[in-house]
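So you can see what is in the structure, the chains are spelled out below.
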There are 2 protein chains.
Amino acid sequence: MKRKITLKQIAKELDVSIGTVSKALRNSQEISEETKEKIQAFAKYYNYRPNNIALSLKNRKTKTIGVIIPEIVHHFFTKVIQGIEHLANKKGYNVIIGLSNESFDKEVINMEMLASGSIDGFIMSISKQTLLKQDYHHLNETINQGMPIVMFDRVVSEIRCDKVIIDDVEAAKKAVNKLVANNCKHIALITTMDYISVGRLRTQGYIEALNKHEITTEAELILKVDDKLVSEDYIDVLEKEIKTLFLMNPQIDGVFAVNELYAVTAMKVARNLGKRIPEDIQVIGFTDGVLSRHATPSLTTVTQYGHKIGEVAASLIIEKIESESPEDPVRTVVIETELIERESTK
Amino acid sequence: MKRKITLKQIAKELDVSIGTVSKALRNSQEISEETKEKIQAFAKYYNYRPNNIALSLKNRKTKTIGVIIPEIVHHFFTKVIQGIEHLANKKGYNVIIGLSNESFDKEVINMEMLASGSIDGFIMSISKQTLLKQDYHHLNETINQGMPIVMFDRVVSEIRCDKVIIDDVEAAKKAVNKLVANNCKHIALITTMDYISVGRLRTQGYIEALNKHEITTEAELILKVDDKLVSEDYIDVLEKEIKTLFLMNPQIDGVFAVNELYAVTAMKVARNLGKRIPEDIQVIGFTDGVLSRHATPSLTTVTQYGHKIGEVAASLIIEKIESESPEDPVRTVVIETELIERESTK
DNA sequence: TACTAACACGCAAACGTTTTCGCTGAGAAT
DNA sequence: ATTCTCAGCGAAAACGTTTGCGTGTTAGTA
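This text gives an overview of the structure that appears in the document. (Residues numbered from 1 in each chain as written. Chains lettered and ligands numbered in written order. Predicted model: local features only at pLDDT ≥ 70, side-chain atom pairs only at ≥ 80, totals over all residues. Heavy atoms only, no water.)

### Here we look at the overall build of chain A
Then, number 1: Each helix and strand in chain A was counted, giving 14 helices and 12 strands.
Then, number 2: Taken against the 2.2 N^0.38 rule, which gives 20 Å for 346 residues, the C-alpha radius of gyration of chain A at 26 Å runs more than 25% over that of a compact globule.
Then, number 3: Considered along the principal axes of its C-alpha atoms, chain A spans approximately 90 × 40 × 35 Å.
Then, number 4: For chain A, the proportion of its 346 residues judged to be buried stands at 55%. (Helix = DSSP H or I, 4+ residues; strand = E, 2+ residues; numbered from the N terminus. Rg over C-alpha atoms; globule rule 2.2 N^0.38 Å. Buried < 20%, exposed > 50% of the residue type's maximum accessible area, 1.4 Å probe, protein only.)

Here it is in structure tokens:
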């Protein structure tokens, strides 16, 4: 009904100038106590709040961080957002989100929309399609216009910006080492196509770990899932591929999957084939989501501390935004991972 | 490095006035073809984009929607956000999110922060603490200042604003009817405390359904979980309470839970007690999340189409924002629910 | 009395747009 | 030669702030 009150209205009502009102509210000593009290009381009564947009225009700062992610219905990303939001809010920043839906075009459009003054910096994870196209012009243009970017999870090394990652190779090794220590002789890997950097790195870790233990890697034990399919069919195809994997290689006694969905699906398929977990097959997943925790048996998994990743990303971007010298060197922060042991391993 | 280019800079460079540049870029017929071409070419070359903040200030519209939710690491809420974002983007709006973490104070602070000019309207689901306190002054103040609100999921009827809900009573009946049809004689209910409106309504649906089938409701079959606890301990307590429920009432042959976590936990506890699902106990949950789909056995559940809820909420708020007459009547849209049958029922 | 200094406030610019209005000059009409 | 018309452009206000600087009033000092 009644619009928000402005400095101008207060000034008019109290018969002083706009500048005086502004100073009084900011408690400037330039203004007499008497006037200050009068103005402050009036402002409080009418619940005056400075207009953020006007402040943004004047200060050339919006105090808002843009977050671009491929997908929000996803435990890991929501954890990261939670972390970002937590730290950002503590520092007086807002968070505005853009979903790319794994699409290059939507990623570009979303970034352009936000880059036109709405935000002070980006935190983002690249869409699959962008990774596939390897077209990063929108990132470079954004950076060239003086807008800082922090990348996490799916990063691309060519881009000159801060990054927050985990050591995927090392994390995968932890998982595989655990399986080896638990006496697994034939460990299968369920991973993504190589253009997804995190999948590629985890695959590398799997191979290196096996090599270290002088176990020969068998190509047929590695299943690279092409996840361009969507939801419904997707699960069916996934199940079928895993089933084939198990049937063709009955010697499998351990599985390492690069995400929790692959892992629980593997458990499901295995059980349908009459295998017991963890007695016959031990399974380790990646990402400690709601599935891992509440599956039966509950899933041993590598947790990536998404909340922490978000917090660090937020603090990096805010530091960059508030830094006077934008030309300081780029940093890459590696967040620790941890193996959480549950019922799917012995 | 180089800041974004402005109208002023273009004007200076091309030796025309700012107004001329603005008009030329908006293709005003007031400007000669020759000048327009020159200016447009220059602007294109330098990748000119109008500054959103300046536009917001001038138009008194930000083209941004604020979304306040209690929690983002939650399948249903992410589905809703996805729906909101999808429709909002299609209409040229951005989405800015605020998390209340189920806290009253954070809800108020977040709303005040966003209400100060950053957004044109709110879409929100109330925090538990707010529902408990029943203090809605921040909502009323926001509405009084002419900022529209659309509530979803956890709504409060006293507030005069648009709402998007599901028919919780009816949905609960669907679930219970199914159990009755499947020959369950002693159906337990696992629900929340009554101050959570959706929990209360689903409880009501449970009771009404039983009454209709002339089954006497037994108070000891109703478990009201006090979910003020957090994460870790929470699950333990939940499991313990459910275990007690089963042990005290061995006659239970059906369970209706008001969310998927309660449902899968019930399945887990039941199995640990040697009960088979669905042979001995049939279970139906609420919300079709990742847990329902990938649990074993997969969970029969009531889906609430969160994506649809988000889309409708977004279209309602945008309609209100762009409406000339803010005084049109408040609407309540009821979104359909559906029972998805999976393996946890016969 | 005259000068100075401090105090308390107003003025105006700036952030980047859009848009209304008015001005200028050139060609056409009288 | 004088007036009219109109195309083409510039000036300025407005959105709501903050802030440096200028200014008038008063009190204090010589």
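### Let's talk about the protein's contact with DNA strand C
Then, number 1: Taken together, the neighbourhood of DNA strand C is formed by 27 residues, with Thr20, Lys23, Glu30, Ser32 and Thr35 of chain A sitting nearest.
Then, number 2: Atoms of DNA strand C within 4 Å of the protein: sugar and phosphate make up 67%, bases the balance.
Then, number 3: Between DNA strand C and Lys23 of chain B there is a distance of 3.1 Å, counted from a base oxygen to a side-chain nitrogen or oxygen.
Then, number 4: Of all the secondary-structure elements, those providing two or more residues to the surface near DNA strand C are α2 (18–25) and α4 (52–59) of chain A together with α1 (7–14), α2 (18–25) and α4 (52–59) of chain B.
Then, number 5: For the surface near DNA strand C, the element with the highest residue contribution is α2 of chain B, accounting for 4 residues.
Then, number 6: Of the residues in the surface near DNA strand C, the class split is 9 nonpolar, 8 polar and 10 charged. (Near = heavy atom within 4 Å. Polar contact = N/O pair within 3.5 Å; in protein donor to acceptor, adjacent residues only side chain to side chain. Nonpolar A, V, L, I, M, F, W, Y, C, P; charged D, E, K, R; others polar.)

### Some thoughts on the sheet that holds strand β8 (residues 254–257) of chain B
All names here are of chain B.
Then, number 1: Ordered by their spatial adjacency, 6 strands build an open sheet running β7-β6-β8-β9-β10-β12, and the pairing between neighbours is mixed. Unpaired on one side and paired on the other, β7 (222–225) and β12 (338–340) mark the two borders of the sheet. Between one strand and the next, the sheet's axes are offset by a mean angle of 20°, whatever the strand orientation.
Then, number 2: Inspection of the sheet shows strand β6 (residues 187–192) paired to β8 by 4 bridges, in the parallel sense. Bridge pairing in β8 links Ile190 to Ala257.
Then, number 3: Running at roughly 165° to strand β9 (residues 282–286), helix α9 (residues 168–181) makes contact with β6, β8, β9, β10 (300–303) and β12 of the sheet. (Pairing = 2+ DSSP bridges. Axes fitted to C-alpha atoms, helices over the stretch in contact; angles between N-to-C directions. Contact = heavy atoms within 4.5 Å.)

### Side note on the relation of the copies chain A and chain B
Then, number 1: Screw-axis analysis of chain A against chain B gives a translation of 0.1 Å along the axis, an RMSD of 0.2 Å, and a rotation angle of 180°. Overall, the copies show the geometry of a two-fold rotation axis. The rotation axis passes nearest to the C-alpha of Ile96 of chain A in chain A, at a distance of 2.1 Å.
Then, number 2: In this assembly, 100% of the residues forming the interface of chain A have copies in chain B that are likewise at the interface, indicating an isologous arrangement. (Least-squares fit on C-alpha atoms with pLDDT ≥ 70 in both.)

### Let's talk about the nonpolar core
Then, number 1: Ile123 and Ile190 of chain A together with Ile123 and Ile190 of chain B are the most contacted members of the largest nonpolar core, which totals 149 residues.
Then, number 2: Excluding residues within four positions of it along the chain, Ile123 of chain A makes contact with Ile65, Gly66, Val67, Ile68, Ile84, Val150, Phe152, Ala313, Ala314 and Ile317 of chain A.
Then, number 3: Counting 41 residues, the second-largest nonpolar core is a separate cluster that includes Phe122, Met151 and Cys161 of chain A together with Tyr136 of chain B. (Core = buried A, V, L, I, M, F, W, Y, C linked by side-chain atoms within 4.5 Å.)

### A word on the pattern of salt bridges
Residue and element names in this part refer to chain A.
Then, number 1: All told, the structure shown has 32 salt bridges over all chains when counted by the stated rule.
Then, number 2: Note that Asp288 and Arg293 form a salt bridge whose closest N and O atoms lie 3.2 Å from each other.
Then, number 3: Taking the relative accessible area as the measure of exposure, Asp288 reaches 13% and is therefore buried.
Then, number 4: Residue Arg293 is classed as partly exposed on the basis of its relative accessible area, which comes to 29%.
Then, number 5: Here Glu319 and Arg331 are joined by a salt bridge, their closest N and O atoms 2.5 Å apart. (Salt bridge = Lys/Arg side-chain N within 4 Å of Asp/Glu carboxyl O.)

### Some thoughts on the side chain of Gln82 of chain A
Then, number 1: Looking at the element boundaries, Gln82 of chain A is found in helix α5 (residues 75–90).
Then, number 2: In this structure, Gln82 of chain A is in contact with His307 of chain A together with Glu71, Ile72, Val73 and Leu99 of chain B, ignoring residues within four places of it in sequence.

### What to know about the interface of chain A and chain B
Then, number 1: Tallying the contact residues gives 59 residues for chain A and 59 residues for chain B.
Then, number 2: Counting the surface lost from both chain A and chain B, the interface buries some 5,100 Å², and carbon and sulfur atoms represent 56% of this.
Then, number 3: On the chain A side of the interface with chain B, the three residues burying the most area are Ile53, Gln145 and His294 of chain A, jointly 13% of the side's total.
Then, number 4: Our count for the contact surface shared by chain A and chain B stands at 4 salt bridges.
Then, number 5: The residue Arg49 of chain B makes a salt bridge to Glu112 of chain A at a minimum N-O spacing of 3.8 Å.
Then, number 6: When residues of the side of chain A that touches chain B are assigned to their parent elements, the largest contribution, 7 residues, is made by α5 of chain A.
Then, number 7: Counted by class, the side of chain A that touches chain B contains 22 nonpolar, 22 polar and 15 charged residues. (Buried area = accessible area lost by both parts, 1.4 Å probe.)

### Observations concerning the sheet that holds strand β5 (residues 162–166) of chain A
Picture the strands of a sheet paired through backbone hydrogen bonds; they go either parallel or antiparallel.
Then, number 1: The sheet built from 12 strands is open, its strands ordered β11(A)-β5(A)-β4(A)-β3(A)-β1(A)-β2(A)-β2(B)-β1(B)-β3(B)-β4(B)-β5(B)-β11(B) with mixed pairing. Taken across any chain shown, the strands that pair with only one partner, and hence form the sheet edges, are β11 (332–335) of chain A together with β11 (332–335) of chain B. Here the average twist between neighbouring strands, direction ignored, is 20°.
Then, number 2: Of the pairings in the sheet, the one linking strand β4 (residues 149–152) of chain B to strand β5 (residues 162–166) of chain B comprises 3 bridges and is parallel in character. By the bridge assignment, Val150 of chain B is partnered in β5 of chain B with Asp162 of chain B.
Then, number 3: Its contacts with the sheet put helix α14 (residues 306–322) of chain A on β1 (64–69), β3 (121–124), β4 (149–152), β5 and β11 of chain A, and the angle it makes with β5 of chain A is roughly 170°.

Geometric descriptors of this kind do not, in isolation, establish any biological role.
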